Structure formats: C-alpha cells, structure tokens
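# Close look at the chain arrangement
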Amino acid sequence: TTTSNEAQLPVCDDDEATMAASERSPIDVNPPRGTRDFPPEDMRLRNWLFDNFREISRVLSFEEVDFPVLESEALFIRKAGEEITQQLYNFEDKGGRRVVLRPEITPSLARLVIKQGKSVSLPLKWFTIGQCWRYERMTRGRRREHYQWNMDIIGISKIRAEAELIHAIVLLFERLGIKSSDVGIKVSSRKVLERVLQLHSMPEKLFAEVCVIVDKLGKVTREEIEKDLISAGVSTQAVQGIVEVLSLKSLSKIEEFLGSEEEAVADLKKLFSLAEHYGYSQWINFDASVVRGLAYYNGIVFEAFDREGKLRAICGGGRYDRLLSTFGYDDIPACGFGFGDAVILELLKEKDLLPDVLRHVDDIVLPLDEELAGPASKIASSLRKEGRSVDIIEDKRLKWVFKHAEKINAKRLILVGNTEWQRGMVIVKNLASREELQVKIDEVASLS
Ligand SMILES: Nc1ccc(Br)nc1
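Since the model is a prediction, treat every value here as computed from it, not as a measurement.

## A closer look at the side chain of Asn298
Within the fold, Asn298 resides in the loop between β8 (284-286) and β9 (300-306). The class of Asn298 is buried, set by a relative accessible area of 4%. Within the structure, the side chain of Asn298 is placed 3.5 Å from the backbone nitrogen of Tyr320, a separation counted as a polar contact. Contact partners of Asn298, with chain neighbours within four places excluded, come to Arg190, Lys191, Phe207, Arg319, Tyr320, Asp321 and Arg322.

Structural data, given as structure tokens:
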C-alpha cells in the first residue's frame, strides 16, 4: 500500500513475472542491428578459422595479447578524414567518460606498448583476435562488427618486419588451401606519395589526409579524388604528380620517376628480394595505387585481394613508425596487419574450400532405466576424466539415440542396463564397426 505522499511504485518484478507470457509483448530475439550470433555450426567454423590464425601466429613465434573492446575515445581521434574515425561506435559512459567500442586494434596495442614501457624488451611480436566495431548508418546494411586477427611487430625498423608479416599472410592462405592464382598481395610504400608531395612543396601535414583520399581509388571516381585532393589543399600540379605516380605499374617505373636513391625504392627492392628467399614472390606484386585507408601508415603498405575482383580486400597492413608520437610518446618503429573474419570466409566459399566442421563426441552414455541414472553418471565421470567427450542421454527411445549418435558423430554408445550392471558390466557398442562388447565397469574408461 502507499501513503498519499509516496510516489506510486512502478510495477515490481514480481508483478511483471506473474503476468501471463501472453500479456508480455515478446522481445525481439534478433541480435542488435549489424551484429551476428554464432550458433554452434557457425561457431565451429569461426573456431576453425581462428585456430588457423593461431597456428600461423605460433609458427611465426608471436605472443598472444588481448585488450578491452571498450577503449577511450581519445585513442581514435584523428583528423585525416578516415572512414574508421567517422564511424566510431562512441558514447559517454555513466561516469561521463568518452568511450568507444574499438574500431581497430593497433591503437590499443600501441597503448599497451607505451604502458609496458621499459619493462618489455624489443622487438615485440604480438598477435590477437578481437572484435572491432563501427557505427554505420544501416542504409548500406553492412555489419557493424567483425573479428580481426592482428599481427604486429614493434621495434624493428628494417624491412624484415614487413617481410615476416607478409609471410604470415601467405602461410595462412596456403594453410587454408588458397593458391597464389586465387589471391595476390599488392605492395607499395607511402614514401612514394610522401616524396611526390615533397617534390611539389606540399606541407607534410597534408600527407595523412592525402593517403586517406587516395585510398578511395577504385571506390569513388577519379574526379572525386582529384576534387577532394584540391579541397584538402593539394596544388593542381601535385594532384597531377600523384595521379601520374599512382598509375605507374612497376617498381622500375617508380625508380625512373623518383630516382634509385629514393628510400621507397630501396625498401621495396629489399622486400621483393627477401620474398624470393622466403619463397613467396608469386604472391606479391608492386602496385603504386595501394595506400590503405589508415592515417598512421608511413612506409610499406600491403593488402591481399581476390584476383577475380569479386570481393573487398581480404586483409591489409603496413608500417606505422610514427603512431606513438601521436599519443604524446617517443616513437618506436612498428608494423602490422589486420585480417577480418568475413571476406576470407566469402573467398573460401567461392573456392569451395570451406571445411566440414562437424560436431564430434566420443561416447554416448544411455541409462536404460530411471534407477540407472546414478550408474550412468559414474560411467560418464570416469570417461570424462580420461578426456573423452561424453553425452549422457535420458528419456529417449533407442531409435532416437541412434539417430542422435549419427548426427553428432559419436564413436561409441554405452548402454547401462540393469542386468549387466548387477554383474558389474555395461554394453559398449562401437558405432563404426557395430561391434558390441560387454565390458567391466572399471575397464570402460581404459578401453579406447
Ligand atoms: N573497422 C571496422 C569495424 C567493424 C567492421 Br564490420 N568493419 C570495419
């Protein structure tokens, strides 16, 4: 009851709970717009892909790290007009802090490198697989989250770092059955563009914004790109210089254009030479139009693409030697890549390379009567302690159990029956050979 000066309390949980289900308006059971659920069959495929990411990270001797999906918005405030910063999933938390669901991993990794400071010895080779977010108006109906495998090398200024990262990507493709005839990796260096701007006396501060604009090549018209460059303050001569250099189709043409002393040329020659020794030359090719869309790259950049040109970039990355100073700290040379979980699966589907990731269980334990629930538990427990996966089934007819066993690819069916139990035995049915044995209870677990 309430006195006159007490506000009428809202309907309390009990009332809500006692309301008949039919009176509640049903909640929407779909996940939030642009996000995905992973039911078992999708989760098995995702785990299969991530296990491959982990295996390549292992053979490259990278260490796994992780970061919060929630980050300070300050980590991603950049002025270069990147799509990624224009689509921040940002908000103010209950403490009034400006936070984001991270759109990428690299800034978090840089933050941890800074935080760990002198306590870690360089070089660092870190990897992670993490969910990244963007808030895009759903007009385009694109996803708002995806998982990215990130590999980063911190503290190596030599081209070895880029060569190692590309090796990881190539090994991953080969491990998944993808061939160099299916996929290529375009390689260039932002130092090419940087030099063109210098030759046209363009201010250094325009560099990042120019790269972000030029990255739209192939996505928007050339006219739009030229217009954006002009409005960013690039002179018409510099725009022509950019257009000319981006159309050069070979490293030798770049060398002719910039001169063989250019750092960009030396870097790229070194990378292609190392590629020969790694044995992955057939996977990479120079393409001056590759700049990638992140503001902080300053050197070699690369991206993998399907040669049929049906899909978006499969992965991409590059050198970012000057990221840490944008956070107010001393720079440390770094490079890395991000590899999303979506395009690769589209490619594998296209190439009919998706695996059959079926559910597998070792044993089904079936008590044949109610009062055998305990004995069945004892059997299951002993099997599980031996590391066998066990599915205890109750209240199901044998016909259903055999169907279920086939669906989950069970190896054995263990029937716990009264008569046998009284004699200290159970029935073990090998579902592949159909062989049936009576086995002593304490020998079931050791029987493989
Ligand atoms: N950066 C980013 C985040 C989320 C998705 Br989906 N795509 C790109």
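There's more to say after this.
## Considerations on the nonpolar core
Residues Trp149, Phe173, Ile242, Ile254, Phe339 and Ile344 are the most contacted members of the largest nonpolar core, which totals 78 residues. By residue number, the principal contributor to this core is helix α5 (residues 160-175), which donates nine residues. In this view, Phe173 contacts Ile178, Val183, Trp283, Ala304, Ile314, Phe339 and Ile344; residues no more than four positions away in its chain are not counted. Val65, Ala110, Val290 and Tyr297 belong to the second-largest nonpolar core, a separate cluster that totals 24 residues.

## Some remarks on the site of the ligand
Neighbouring the ligand are the residues Ile84, Pro103, Cys132, Trp133, Arg134, Arg143, Arg144, Glu145 and His146. One of the backbone N or O atoms of Pro103 is found 2.8 Å from a nitrogen atom in the ligand. Arg134 has a polar side-chain atom sitting 3.4 Å from a nitrogen atom of the ligand. Protein contact buries 87% of the 270 Å² of open area that the ligand shows by itself. Of all elements in the fold, only β5 (124-133) and β6 (145-154) reach the threshold of two or more residues within the shell around the ligand. Here the residues of the shell around the ligand are counted per class, giving four nonpolar, one polar and four charged.

## Some details on the side chain of Glu71
Within the secondary structure, Glu71 sits in strand β2 (residues 70-72). A polar side-chain atom of Glu71 sits 2.7 Å from a polar atom in the side chain of Arg111. What Glu71 contacts, discounting residues up to four positions off in sequence, is Phe76, Val99, Val100, Arg102, Ser108 and Arg111.

## Re unusual backbone geometry
Between Leu122 and Pro123 the backbone carries a cis peptide bond, its omega angle lying at 0°. You can see Pro123 is positioned in the loop between α4 (106-116) and β5. One non-glycine residue, Asp352, lies in the positive phi region at around 55°.

## Some thoughts on the packing of aromatic side chains
Counted by the stated rule, this structure contains 14 aromatic pairs. Each ring, one from Tyr296 and one from Tyr320, has its centre 5.7 Å from the other, and the planes form 65°; the classification is edge-to-face. Taken together, the positions of Tyr296 in the loop between β8 and β9 and Tyr320 in the loop between β10 (315-319) and β11 (334-340) put the pair 24 residues apart, joining distant regions of the chain. One exposure class covers both Tyr296 and Tyr320, and it is buried. Aromatic ring contacts, followed pair by pair, group Phe38, Phe50, Phe53, Tyr147, Trp149, Phe173, Trp283, Phe337 and Phe339 into a single cluster. Directly above the aromatic system of Phe38 lies the positively charged group of Arg46, at a separation of 4.5 Å from the ring centroid. The ring of Phe305 has Lys186 lying over it, and the distance from NZ or CZ to the ring centre is 4.7 Å.

Reading the values: rules and limits
Residues numbered from 1 in each chain as written. Predicted model: local features only at pLDDT ≥ 70, side-chain atom pairs only at ≥ 80, totals over all residues. Heavy atoms only, no water. Helix = DSSP H or I, 4+ residues; strand = E, 2+ residues; numbered from the N terminus. Buried < 20%, exposed > 50% of the residue type's maximum accessible area, 1.4 Å probe, protein only. Polar contact = N/O pair within 3.5 Å; in protein donor to acceptor, adjacent residues only side chain to side chain. Contact = heavy atoms within 4.5 Å. Core = buried A, V, L, I, M, F, W, Y, C linked by side-chain atoms within 4.5 Å. Near = heavy atom within 4 Å. Areas by Shrake-Rupley, 256 points an atom, 1.4 Å probe, with all protein chains shown as cover. Nonpolar A, V, L, I, M, F, W, Y, C, P; charged D, E, K, R; others polar. Phe/Tyr/Trp six-rings, centres within 6.5 Å; stacked < 30°, edge-to-face > 60°. Lys NZ or Arg CZ within 6 Å of the ring centre and 35° of its normal.

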